[in-house]
Each structure stands twice: as C-alpha cells, then as structure tokens.
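This is what each chain is made of:
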Amino acid sequence: MIVYGTKAIHQKVDYIADSCPACNTPNVMQMNVFQRYAHIFWIPFFPVGKTGVSQCTHCKQVLKFNQMTPSLKMSYYNMKKQVNVPIWMFAGLALLAIGITAGVIADRNKSQKVSKMIFNLKKGDILDVKMKDNAFTLLKVTKVVGDSVFFVQNKFQIDQESGIDDLKSKEYDTEEEVVATADLKNMDKKEQILDVERD
Ligand SMILES: [Zn+2]
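Criteria and thresholds
Residues numbered from 1 in each chain as written. Predicted model: local features only at pLDDT ≥ 70, side-chain atom pairs only at ≥ 80, totals over all residues. Pairing = 2+ DSSP bridges. Helix = DSSP H or I, 4+ residues; strand = E, 2+ residues; numbered from the N terminus. Axes fitted to C-alpha atoms, helices over the stretch in contact; angles between N-to-C directions. Contact = placed C-beta atoms within 7 Å. Domains from an automatic or database assignment.

*Asks:* What should I look at first to understand the sheet that holds strand β6 (residues 136–145) in this one?
*Replies:* Sheets are built from strands paired through backbone hydrogen bonds, the pairs being either parallel or antiparallel. Strand order in the open sheet formed by five strands is β8-β7-β6-β5-β9, and the pairing between neighbours is antiparallel. Looking along the sheet, the strands with just one partner apiece sit at the ends: β8 (177–180) and β9 (193–197). Strand after strand, the sheet turns through a mean of 35° between neighbouring axes, direction not considered. As defined by bridge partners, strand β7 (residues 148–153) adjoins β8 across four bridges and the pair is classed as antiparallel. For Ser148, the partnering residue across the bridge sits in β8 and is Ala180. Here helix α3 (residues 181–189) sits on the sheet and contacts β7, β8 and β9; the angle it forms with β8, its principal contact strand, is near 75°.

See below:
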C-alpha cells in the first residue's frame, strides 16, 4: 500500500488593512498563507500551491479563500507573492533524480566492465545473456582456448532480467558449446550480454 496525499504548512500571518466583512471593525483582520505539498509515505514530494485563510481578531470569523471578499482576496494575493516555497518540499523529486542518475551511472559502469571482461574470460565466469526471443539465461565458461570460449548453457530460461540470479542454483547442460570472442563482442554491441560475474 502506498500512503500519499497532501499536507499544508502555515507560512505567514500578518495584519492587513481591510475591515472585517462580518463585524466591520477596521484594522483587525489577519491573513494567513498556507503552502500545500504532496507527500508519499510522508516524504514531501513537490509543492502543489498556496491557499489563504483570513481571521477577524475581533469577532473571530474565519474565512477560507473562496469565502473571502474581493478585497480580502487582493490582500491575500499581495501577501502570497512575498512567500517562497521552502526547498525541502522538493525532497522527493530530488531523491528521485539522484536515484535515476545513480542508476544510469551504475548501468554505464556495468556495460564498460562487460566490454572489458569478454576479452579476458576465465573458467567459471558466468555471463548473463539476453537471447533472441527476449528470454534470459546464464552461460558458464568451462575453458578458454585462444579466441574460443567454451561454455555450458543453463537448462532454464526466464522472461525477466530481474530474476536471473535465481538460475545460478539451477543445473547447466552437460554438452559444451563454443563461441568466438568476436561473436561475443557482437553480442555485447547488441547489448545481449548484461553482465559477467566472476567469483
Ligand atoms: Zn469581525
């Protein structure tokens, strides 16, 4: 379950020049500015606008923005301009941006690592590969002779990259196959080699 919603903080209160629409007393009106923000799991995500509430300090009448007289609304607009959105209200968006950037960097580092390792494979290395039919499986290197890489293929395939580690505990074919380093390089270019794992 995702908990989300909006909250508001009280940002500013000031006396304004208007008289009270209820009791007509001059110089008794207070205007409040509230800033609303969206939160997900109580982490502020982004601001969603301001609202105002007026109160007469004499007769105590409270008016929400849509109940205010045009003159009170003008006072609210003028006051709202002086109130800045606090930067912490963007915390969620900032975290999201940091997460995406970190993900992009991690992906790039991984792909550089793969491109290096396919020229330097050793017995026991495990290649995470994407096959033509969008299935994923593991290839385990059994030996390397010159430019020929011998491997056995995992007996199982899955349709999602995220579960590929589960295949490590599964059996591999007993029959060895062989692939040239140049072909591995082509596979890497087509982004069919997702990772190379070495213990
Ligand atoms: Zn009043």
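*Asks:* Please clarify how unusual backbone geometry should be interpreted in this entry.
*Replies:* Notably, Trp42 is not glycine yet its phi reads approximately 70°, a positive angle. Positive phi values are uncommon outside glycine, yet Glu191 reaches one of about 60°. By the secondary structure assignment, Glu191 is in the loop between α3 and β9.

*Asks:* Looking at this model, I keep getting lost on the domain arrangement of the protein chain. Mind explaining?
*Replies:* Many authors give the size of an interface as the accessible area that is lost as the parts come together. As assigned here, the protein chain comprises domain 1 (4–94) and domain 2 (107–197). Inter-centroid distance (C-alpha atoms) of domain 1 to domain 2 is 60 Å.

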